[in-house]
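# Commentary on secondary and tertiary structure
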2 protein chains.
Amino acid sequence: MAKTTANTKSKLLKAASQVVRSRGASQLTLEAVAKEARVSKGGLLYHYRSKRALIEGMIAHLLASFEKDIENQTKSNEDRSAWLEAYVKLSFDPHLSHLEESAALVAAIANDPELLVPIQEQYLAWQEATEASGLDPAIATIVRLAADGLWFNELFDLSPLTAERRAEVLETLLKIIKESQNDRQDCAES
Amino acid sequence: MAKTTANTKSKLLKAASQVVRSRGASQLTLEAVAKEARVSKGGLLYHYRSKRALIEGMIAHLLASFEKDIENQTKSNEDRSAWLEAYVKLSFDPHLSHLEESAALVAAIANDPELLVPIQEQYLAWQEATEASGLDPAIATIVRLAADGLWFNELFDLSPLTAERRAEVLETLLKIIKESQNDRQDCAES
DNA sequence: ACAACTATACTGTCTGGACGGTATATTAAT
DNA sequence: ATTAATATACCGTCCAGACAGTATAGTTGT
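Note that the coordinates shown come from a computational prediction; the quantities given were computed from them, not determined experimentally. (Residues numbered from 1 in each chain as written. Chains lettered and ligands numbered in written order. Predicted model: local features only at pLDDT ≥ 70, side-chain atom pairs only at ≥ 80, totals over all residues. Heavy atoms only, no water.)

Per the counting criterion, the structure on display carries 18 aromatic pairs over all chains. A ring pair is formed by Tyr123(B) and Trp126(B), whose centres lie 4.9 Å apart and whose planes are at 65°; its orientation type is edge-to-face. With a gap of 3 residues between them, Tyr123(B) and Trp126(B) both fall in helix α7 (residues 117-131), about one helical turn apart. Both residues of the pair, Tyr123(B) and Trp126(B), count as buried. Taken together through their ring pairs, the aromatic side chains of Trp151(A), Phe152(A), Phe156(A), Trp151(B), Phe152(B) and Phe156(B) make up a single cluster. (Phe/Tyr/Trp six-rings, centres within 6.5 Å; stacked < 30°, edge-to-face > 60°. Helix = DSSP H or I, 4+ residues; strand = E, 2+ residues; numbered from the N terminus. Buried < 20%, exposed > 50% of the residue type's maximum accessible area, 1.4 Å probe, protein only.)

See below:
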């Protein structure tokens, strides 16, 4: 029961993301999702009582899995900058950057901006973590924003970076994190 | 004649952006736009033969006005880094960052990702300009991505930055442009 | 000067289809 | 037997686009 329910719900969320990614947010219809998940429309509506509830589920899943991956990355690293490093790495990793789940963001934008509220709240926590990284806050913020910039660029297929440049950028961001941290630890100067 | 046509088209584009911004992309309907522009639906369809054509018009307008502002900013500055500096400044300037016209992007995402193609093409040119800035290409790209990150954050109301931090970040980005340029001009080292 | 004609810039109405959501069956699990 | 899960049929609404018609301005012929 609880298990099959969770399985079905997860299957539905995956199907919803798939529909958004392959056909665009405007094609995110209950029928399309149900068909993709090989479930009837009634079945979908049993688990998610409305389209809005479905998208809320997508958003919650996106945030939860992102947080989980951040935690996995940071627990083996005691540096204060570990969080920022993990954030950057996740944003750049094609397997972990949650581009699949990120369809949730697109669905929310397309359907009702209010659905973004949980993400807005999460960003507050992320910025706090960024500023607690031990780096100069402006530098730390620039690093976070650059990671976001890449993530959004790739989410909308805008990124014109070659694979080489992309790798260089990642490397440079990680170097900035390491070096800026040392600056502040060794010299305690600006 | 031609003048009133241009006026009406411009009025319609403005109305369309307004609808997206105030009611969300899902409420971008021909009727809503027509009403906002105080024109009949038939009148709208006279100027833009389909909803798709309307959004294409919005995108073209966004790109054109962004390019125009970049040009205005750069023509009084001969540095190779002028383009990147202008890009950063435009992204941060609430008056010039085209957050109004940027509704076009939201509309495209919500309706049909194919509508983003002109923007994808523009990004190629922007990345070329970024790499021609005289800075280390990875640093220059990070600067551009950070500007993008802020722009997207604010477009979706995600940005958790205080006004002070925001100002610091802008200042730091401009400083990076100036300093990195000097590094390469003075020392001709990495 | 002026009628005949054409092009431009609209308005208001209508329709076919899609979609969200409901109501109601049907089947499976315990 | 009862609850959980899934399926089918259907309703009402909304919306893109078509269409027919109107008003006004410009053009041409005489």
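Around DNA strand D there are 17 residues in total, and Thr5(A), Ser40(A), Tyr46(A), His47(A) and Lys41(B) lie nearest to it. Within 4 Å of the protein, the contacting atoms of DNA strand D are 60% sugar and phosphate, with bases supplying the remainder. A distance of 2.9 Å separates a phosphate oxygen of DNA strand D from a polar atom in the backbone of Leu30(B). In this structure, Lys41(B) approaches DNA strand D through a side-chain N or O atom, which is 2.7 Å from a base nitrogen. At the level of secondary structure, the elements contributing two or more residues to the surface near DNA strand D comprise α1 (2-23) and α3 (41-47) of chain A together with α3 (41-47) of chain B. Sort the elements by how many residues they give to the surface near DNA strand D and α3(A) lands first, with 4 residues. Each residue belonging to the surface near DNA strand D can be placed in one class, and the counts come to 7 nonpolar, 8 polar and 2 charged. (Near = heavy atom within 4 Å. Polar contact = N/O pair within 3.5 Å; in protein donor to acceptor, adjacent residues only side chain to side chain. Nonpolar A, V, L, I, M, F, W, Y, C, P; charged D, E, K, R; others polar.)

With that out of the way, let us pick up the relation of the copies chain B and chain A. For the match of chain B to chain A, the screw axis carries a shift of 0.0 Å, the RMSD comes to 0.1 Å, and the turn is 180°. Overall, the copies show the geometry of a two-fold rotation axis. The residues that chain B uses at the interface reappear at the interface of chain A in 100% of cases, marking a shared surface. (Least-squares fit on C-alpha atoms with pLDDT ≥ 70 in both. Contact = heavy atoms within 4.5 Å.)

Let us now look at the confidence of the model for chain A. On average, chain A scores 92 in pLDDT, and the residues at 70 or more come to 93%. Scored below 50 in pLDDT, residues 186-190 of chain A shows 4 contacts in the model against residues more than four places distant or in partner chains. (pLDDT = per-residue confidence, 0-100.)

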